[in-house]
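Descriptive analysis of the structure
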Amino acid sequence: MPKKYRYFVEGECEKKLLISFMFLDNGGFVDGKVEVLNFVNKPITKSLAYSLKSDVTIVIAIDTDVDNIDILRNNLKIIEENSN
């Protein structure tokens, strides 16, 4: 059974860009669900973490121009501790 992918991106522009790459031959991205959620600036909920299934690979696209990554660290911790 093929692996499923769930992508989280910062905004609508990144979402459109990622989706366009999915339709290219050898675009580098496997088809999957793309959602707008800024993991660097917005805390996620535990219910989101619970909804992440074990058979899904999570890909998070983030900006590299952010100095404070405390929210990102906390979000990753929540996913590790609470995801299926």
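Structure shown above.
Residues numbered from 1 in each chain as written. Predicted model: local features only at pLDDT ≥ 70, side-chain atom pairs only at ≥ 80, totals over all residues. Heavy atoms only, no water.

A few words on the nonpolar core. Judged by nonpolar contacts, Phe8, Leu37, Phe39, Val40, Ile44, Leu48, Ala49, Leu52, Leu72, Ile78 and Ile79 together constitute the single largest core of 11 residues. Contributing elements (two or more residues each) for this core: α2 (46–51) and α3 (70–82). The element that contributes the greatest number of residues to this core is α3, accounting for 3 residues. Counting 5 residues, the second-largest nonpolar core is a separate cluster that includes Tyr7, Val9, Leu18 and Met22. (Core = buried A, V, L, I, M, F, W, Y, C linked by side-chain atoms within 4.5 Å. Buried < 20%, exposed > 50% of the residue type's maximum accessible area, 1.4 Å probe, protein only. Helix = DSSP H or I, 4+ residues; strand = E, 2+ residues; numbered from the N terminus.)

Turning our attention to the pairing of strand β1 (residues 4–9). Where β1 and strand β3 (residues 56–60) come together, 5 bridges link them in parallel fashion. Each bridged residue has a counterpart across the sheet, and for Lys4 the counterpart in β3 is Val56. (Pairing = 2+ DSSP bridges.)

Pairs may arise between side chains of opposite charge once their charged atoms sit close together. The full count for this structure, using the stated rule, is 4 salt bridges. Arg6 is the partner of Glu35 in a salt bridge, and the nearest nitrogen-oxygen pair spans 2.5 Å. With Glu35 in strand β2 (residues 33–36) and Arg6 in strand β1, this pair connects stretches of sequence that are 29 residues apart. Of the two residues examined, Glu35 and Arg6, each falls in the buried class. Close ionic contact of Arg73 with Asp70 constitutes a salt bridge, the shortest N to O distance being 3.7 Å. With a gap of 3 residues between them, Arg73 and Asp70 both fall in helix α3, about one helical turn apart. Judged by relative accessible area, which is 53%, Arg73 ranks as exposed. You can call Asp70 partly exposed: its relative accessible area is 48%. Via salt bridges that share partners, Arg6, Lys33 and Glu35 belong to a single interconnected network. (Salt bridge = Lys/Arg side-chain N within 4 Å of Asp/Glu carboxyl O.)

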